[in-house]
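So you can see what is in the structure, the chains are spelled out below.
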Amino acid sequence: CGKKMRTKLAILAVLLNVINMTAQNKSSLGFDLGGMLTEGEVRIMAGYGFHDRWSVRYSTAIGIEAWKPAADHESESHKTEFGQSEERSPSPQHTSLSFLYWPKQTYDGMYMGIGGRYDMNGKAGCIISIGYCIPIWKGLSAALSYNTDITASIREMKPGGEGMTIELCWTIGKH
């Protein structure tokens, strides 16, 4: 876990430096609150708006088993009696790179995105997303989005990917 974590942090640091050096428009840095609460993983995002209506976003997620919500023991014992027990496994670490289209303006309002996802189990996928960015105060914003991995959904015959997310973002640059 240590080497993989250092690699991800190094990639994120390089990405943030590149964004800082080339920030002619808007850059964004944020984390997903929903993933922390529901999936027990830390998701960090960094984005760069390279046009009035386009941006690129890098996202990485690291599963933290200690933060994963505990199973309800009464519910689990009931399910076990009927052979329906669900095994709780840690979320795999994954990274994604997406291109986002903003109909109004970069980091303002609705967006749609498409990109790729790779997890540490060696599985790659194509992700699509749709969301809405809500300004809070002086560059701070919240984004509600739905992200799905089309490849995993087809492979497993059920919706895959991150699902609904609640992101807290800080946007810097031209406003």
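Bear in mind that the values here come from a model prediction, so they are computed numbers and not experimental data.

The rules behind each value
Residues numbered from 1 in each chain as written. Predicted model: local features only at pLDDT ≥ 70, side-chain atom pairs only at ≥ 80, totals over all residues. Heavy atoms only, no water. Helix = DSSP H or I, 4+ residues; strand = E, 2+ residues; numbered from the N terminus. Buried < 20%, exposed > 50% of the residue type's maximum accessible area, 1.4 Å probe, protein only. Contact = heavy atoms within 4.5 Å. Core = buried A, V, L, I, M, F, W, Y, C linked by side-chain atoms within 4.5 Å. Pairing = 2+ DSSP bridges. Axes fitted to C-alpha atoms, helices over the stretch in contact; angles between N-to-C directions. Salt bridge = Lys/Arg side-chain N within 4 Å of Asp/Glu carboxyl O. Polar contact = N/O pair within 3.5 Å; in protein donor to acceptor, adjacent residues only side chain to side chain. Phe/Tyr/Trp six-rings, centres within 6.5 Å; stacked < 30°, edge-to-face > 60°.

Caption draft 1: Quick look at the overall build of the protein. Broken down by element type, the protein carries four helices and eight strands. Sequence-ordered secondary structure for the protein, helices as α and strands as β, is α-β-α-β-β-α-β-β-β-β-α-β. Evaluated residue by residue, the protein yields a buried proportion of 37% over its 175 residues. For the protein, the share of sequence-separated contacts (at least 6 apart) that also reach a separation of at least 24 residues comes to 51%.

Caption draft 2: Region of the structure containing the nonpolar core. Ranked by size, the top nonpolar core spans six residues in total: Leu-100, Trp-102, Tyr-107, Tyr-111, Cys-133 and Ala-143. Sequence-distant contacts of Trp-102, defined by excluding residues within four places in its chain, comprise Arg-53, Trp-54, Ser-55, Tyr-107, Asp-108, Gly-109, Met-110, Tyr-111 and Cys-133.

Caption draft 3: Examining the sheet that holds strand β4 (residues 94-101) more closely. The strand order around the closed barrel built from eight strands is β1-β2-β3-β4-β5-β6-β7-β8, with neighbouring strands paired in antiparallel fashion. Geometrically, the sheet is characterised by an average inter-axis angle of 25° between neighbouring strands, direction not taken into account. In terms of strand pairing, strand β7 (residues 140-149) meets strand β8 (residues 163-173) through eight bridges, oriented antiparallel. Across the sheet, Asn-147 pairs through a bridge with Gly-163, a residue of β8.

Caption draft 4: Focus on the pattern of salt bridges. What the rule picks out here adds up to four salt bridges. Where Arg-57 meets Glu-167, a salt bridge forms, and the shortest distance between an N and an O atom there is 3.3 Å. Of the two residues, Arg-57 sits in strand β3 (residues 54-63) while Glu-167 sits in strand β8, which places them 110 residues apart along the sequence. Taken as a pair, Arg-57 and Glu-167 share a single burial class, namely buried. Linking Asp-108 and Lys-104 is a salt bridge whose minimum nitrogen-to-oxygen distance equals 3.7 Å. With relative accessibility at 21%, the residue Asp-108 sits in the partly exposed group.

Caption draft 5: Quick peek at the pairing of strand β1 (residues 26-32). Across the seven residues that make up β1, a large majority, five, are buried. In the sheet, β1 pairs with strand β2 (residues 41-49) via six bridges, with the strands oriented antiparallel. Across the sheet, Ser-27 pairs through a bridge with Tyr-48, a residue of β2. Sheet topology note: the β1/β8 ladder contains seven bridges and is antiparallel. Bridge pairing in β8 links Ser-27 to Ile-172.

Caption draft 6: Representation of the side chain of Asp-32. The residue Asp-32 is located in strand β1 in this model. A relative accessible area of 1% places Asp-32 in the buried class. One polar contact links Asp-32 to Arg-43, side chain to side chain, over a distance of 2.3 Å. Among the polar contacts listed, one links the side chain of Asp-32 to the backbone nitrogen of Ile-166, at a separation of 3.1 Å.

Caption draft 7: Spatial organisation of the environment of Ala-46. Positionally, Ala-46 belongs in strand β2. The exposure class assigned to Ala-46 is buried, which follows from its relative accessible area of 2%. Separated by 15 residues in sequence, Ala-46 and Phe-31 have C-alpha atoms that sit 8.7 Å apart.

Caption draft 8: Representation of the packing of aromatic side chains. Counted under the stated rule, the structure contains four aromatic pairs. Considering the side-chain rings of Phe-50 and Phe-99, the 6.4 Å spacing of their centres and the 85° angle between planes classify their relative orientation as edge-to-face. Of this pair, Phe-50 sits in the loop between β2 and β3 while Phe-99 is found in strand β4, placing the two residues 49 residues apart along the sequence. Ring geometry for Trp-102 and Tyr-107: centres 5.3 Å apart, planes at 55°, overall tilted. Classification of Trp-102 as buried rests on a relative accessible area of 2%. Aromatic rings pair up to connect Trp-102, Tyr-107 and Tyr-111 into one cluster.

Taken by themselves, the reported measurements are silent on function.
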